[in-house]
Amino acid sequence: MVGCGFQRLFRAGRIVAFAALVVGCSQVIHNDPINLPLSGDPQQVAAELNTDTRPTLDDTIVAVTFSGGGTRAAAFSYGVLQGFDDTRATIDGHSQSLLDQLDFVSGVSGGSVLAAYYGLKKRAALADFKERFLLANGEESLQTSLSFLNLAKGLSGGINDTTAFPRWLDAHLFYGATFKDLNTGGRPLVWINAADIYNRTAFIFADVTFRALCSNLADYPVSLAVAASAAVPVVFAPIVIQNFPGGCPAALPPWVERARHDDTAAPLIRSYADALERYRQGELKYVKLLDGGIVDNYGLAGFTISLLATNAPYGPLSPREAVKLRRLLFMVVDAGRGPSGAWAQTVAGPSGVDLINAASDTATNSGAIGSYTSFDGIMGDWRERLVNWRCHLSEAERSRLGAPPGWNCKDVRFFVGRVSFDQLGPDRAAALNAVETRLRLPPQQVDMLIDAGRDALTGNAVFRAFLGQTPQPSHPPLRRKPAGTPAAAAPPAAPPAQQAEAQ
């Protein structure tokens, strides 16, 4: 196996279709769908997926997302988890490891491998993930050379089909686990993210998505979801999900219709709602999934949609959770590489593979930055709505929802931050940026990435502020109406149907 060949193939795979002009043979791609129709009671499926038994939320919520980037991303994110484990925090008056406080984990591509494994094994994942994945050769089952035959297979849909990598993942990590195994045993709730390349939107492996397809997520293999999340175009054939429209026993949630007809809805939730409606109406027989980094390399879509879909100011929390909440920490782990290459120092270039890599990286990085910026704003807006709702509760409502004596309705602090290579200084960042996007890395690079993830988290300004090690970042004041404008009336309590939807 030629390492540099795989690196070029892995990064350049998205834009090699030009070779179709010179390669005319075709190959059979084995990517038949294996998902099953939703034939039973949707509530029973929800029970199997534990969707009705979310993590028990206390006064602090902690969430983390792992970006794409092959083993590089998985190792850096693993170091971040070690940093969480090394950190003690006081939650509801009790000191504990912050790792045990993780409520939500989301993963894309290489980051989805760790997200899924941690979701299955919880804290025990830290004991053997390095040996089972980070130091293993994830490329041993793959075709990686830039041969004429592989190029032809790539042009037929993908050099590697849906058999080799999922089998390797099951043999090393997942052992046939399905989604009904993933979120058992309490926190964290885990999202795996891929890209629906027809609808050009995120595909979140969640109950609402599979209900729209009238399919059963509970029995779907975790290994196939992770393989879809990491399926770099051309290097891998798409993972295919079959649609089962007609007579479906599961209804779409009300927010789908609401978002589709709201001209002011954010593009992300509207495109996702449109995709769910197309599934339900049977416009697509099959959904084709590739690397989640194509549309959302930070894995923020699930959280963003949860916030935008709610029709209550406290959603997606329940009213009791919203009253209890005091702190929220959301860390985005970004293992994306910074600019590289010598072609910026000359008039000529980039050309060939450098041009393909630059175009691909530009699209992925700009999309990720845009999603993070949008998410940061959405979180700020949510805090504002939440505080406004809390402060308009009557004494009776506060008591009913469990507000303790002396409760401060404005005592809600959000900490949203990004952990990345560039926060470790130029020399160290340069060494980390030089690590290839592969599924096999030398042990010394794995150790370097793990140490970097741990150090980047513990030195992060937002993380330190959350722990109280630096002054708390000030929140902008709630938006005020111009002088002379009548004060807004207290927002009405959400009707029971809306409360149920938000919960």
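What comes next concerns the included structure. All values derive from a computational prediction rather than experimental measurement. (Residues numbered from 1 in each chain as written. Predicted model: local features only at pLDDT ≥ 70, side-chain atom pairs only at ≥ 80, totals over all residues. Heavy atoms only, no water.)

**Describing the overall build of the protein chain**
Within the protein chain, the secondary structure is distributed over 20 helices and ten strands. Out of the 503 residues belonging to the protein chain, those deemed buried represent 53%. Intrachain contacts of the protein chain at a sequence separation of at least 6 include 83% that bridge at least 24 residues. Surface accessibility of the protein chain: about 21,400 Å² in total, with carbon and sulfur atoms responsible for 54%. (Helix = DSSP H or I, 4+ residues; strand = E, 2+ residues; numbered from the N terminus. Buried < 20%, exposed > 50% of the residue type's maximum accessible area, 1.4 Å probe, protein only. Contact = heavy atoms within 4.5 Å. Areas by Shrake-Rupley, 256 points an atom, 1.4 Å probe, with all protein chains shown as cover.)

**With respect to the state of the cysteines**
Enumeration over the complete set of coordinates arrives at two disulfides. Each sulfur of the disulfide joining Cys 214 and Cys 248 lies 2.3 Å from the other. Disulfide Cys 214-Cys 248: torsion about the S-S bond near 100°, hence right-handed. On the criterion of sequence distance, the pair formed by Cys 214 in the loop between α9 (207-212) and α10 (222-229) and Cys 248 in the loop between β7 (239-242) and α11 (254-260) is long-range, its members being 34 residues apart. Of the residues examined, Cys 214 reaches a relative accessible area of 5% and is grouped as buried. Here Cys 391 engages in a disulfide with Cys 409; their sulfurs sit 2.0 Å apart. Disulfide Cys 391-Cys 409: torsion about the S-S bond near 90°, hence right-handed. (Disulfide = S-S within 2.5 Å.)

**Some details on the packing of helix α17 (residues 426-433) against helix α18 (residues 443-458)**
Look at α17 against α18: their axes get within 11 Å of each other, and the N-to-C directions meet at 135°. Of the possible angle classes, the one that applies to α17 and α18 is oblique. When the axes of α17 and α18 are compared, the crossing they make is left-handed. Across from Arg 428, Ala 431 and Leu 432 in α17, the residues of α18 making contact are Met 448, Leu 449, Asp 451, Ala 452 and Asp 455. For the contact of α17 with α18, the residue count by class is five nonpolar, no polar and three charged. (Axes fitted to C-alpha atoms, helices over the stretch in contact; angles between N-to-C directions. Parallel < 35°, antiparallel > 145°, perpendicular 65-115°, else oblique. Left-handed = near helix turned anticlockwise from the far one by under 90°. Nonpolar A, V, L, I, M, F, W, Y, C, P; charged D, E, K, R; others polar.)

**Let's talk about α10**
Buried residues dominate α10, accounting for eight of its eight residues. Buried within α10 we find Val 222, Ser 223, Leu 224, Ala 225, Val 226, Ala 227, Ala 228 and Ser 229.

No statement about biological role is implied by the geometric values presented.
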